[in-house]
Amino acid sequence: FAGISPGTFEVVAAKELLTSPAAALVVPGGGAPQTLDLVIGTAGSIVGTVVAPGGAPVVGASVLARTPAGDLVATTGADGTFALTDVVPGTIGLVVTSPFWAGRAVDVAVVADTVADAGTIALRTAATVSGVVEDATGSPIVGATVGASSEASPTTVTGADGSYALGNVPVGINSIVASAENYLSSSAAVDVAAVASNTANFTLVTGYRITATVTD
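Procedures and definitions
- Residues numbered from 1 in each chain as written.
- Predicted model: local features only at pLDDT ≥ 70, side-chain atom pairs only at ≥ 80, totals over all residues.
- Heavy atoms only, no water.
- Pairing = 2+ DSSP bridges.
- Helix = DSSP H or I, 4+ residues; strand = E, 2+ residues; numbered from the N terminus.
- Axes fitted to C-alpha atoms, helices over the stretch in contact; angles between N-to-C directions.
- Buried < 20%, exposed > 50% of the residue type's maximum accessible area, 1.4 Å probe, protein only.
- Contact = heavy atoms within 4.5 Å.

K.L.:
Sorry if this is basic, but what is going on with the sheet that holds strand 9 (residues 90–98) here?
P.N.:
Strand pairing within a sheet occurs via backbone hydrogen bonds; the two strands may be parallel or antiparallel. Overall, antiparallel pairing links the four strands, which are arranged 7-6-9-10 in an open sheet. Among the strands making up the open sheet, the edge pair consists of strand 7 (70–75) and strand 10 (101–110). Between one strand and the next, the sheet's axes are offset by a mean angle of 20°, whatever the strand orientation. Relative to strand 10, strand 9 runs antiparallel, the two sharing eight bridges. The residue of strand 10 that forms the bridge with Gly90 is Val110.

This is how it looks when you write it as structure tokens:
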């Protein structure tokens with residue numbers, strides 16, 4: 001740096017979302033050159049194990065890491081373990097899903113040059129919620145989105161007859177939400193059972209857009 005006034009400054013080096021620890025640079029009067037070495041940390045990694053509700057390893061589960069540098073994906077092996085490399089340090093959200101169980105969402109603190117252990121992530125028993133989405137006249141709404149407000153937030157869309165089948169919903173009370181373009185969303189609390197017919201039907205009403213002009 002050139003032309004810096006005397007004083008104490010906090011300096012950080014950064015490259016592609018990786019940073020160095022902050023360091024203090026003391027600039028005395030007189031213009032004498034000052035030297036400060038900064039070391040940019042490297043990415044970290046995440047490991048963990050995914051198991052079924054009974055504790056057995058889950059093979060082929062998808063582990064999605066949402067990082068500031070983009071999404072990373074890993075798949076669990078025969079022993080249920082996974083590894084994600086080149087993870088930008090910070091608090092990273094993981095979403096773990098499997099075709100046979102309800103997914104989980106966990107946060108992992110990643111530090112540069114270290115391996116963060118997400119531990120054992122136990123998936124939950126899942127069930128299916130089905131039903132029909134109609135408008136106020138009783139006509140089916142095609143392409144409506146239906147989702148559950150669970151950790152992994154599974155979603156699906158309605159077919160030509162307005163029907164849907166939403167899988168991977170965790171057993172227990174869930175908020176099921178139906179939405180469609182030009183309609184107001186609707187939600188229902190459903191106590192989802194593992195061995196039962198779980199039904200949630202929705203009637204959506206047309207939404208209206210209000211525009212206004214504010215003048216002095």
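On we go.
K.L.:
Explain the environment of Thr75 here, please?
P.N.:
Inspection of the secondary structure puts Thr75 in strand 7. Take Thr75: its relative accessible area is 53%, and that puts it in the exposed class. Separated by twelve residues in the primary sequence, Thr75 and Val63 place their C-alpha atoms 6.0 Å from one another. Once residues lying within four places of it in the same chain are set aside, the contact partners of Thr75 are Gly60, Ala61, Thr81 and Phe82.

K.L.:
What's the story with unusual backbone geometry in this structure? I'm lost.
P.N.:
Residues other than glycine predominantly adopt negative phi, and peptide bonds predominantly adopt the trans conformation. The residue Asp113 is not glycine, and still its phi comes out positive at about 65°. Residue classification places Asp113 among the exposed residues on the basis of a relative accessible area of 55%. Even without being a glycine, Asn168 presents a positive backbone phi close to 60°. Residue position: Asn168 is located in strand 15 (residues 163–170).

Read these as spatial facts, not as claims about activity.
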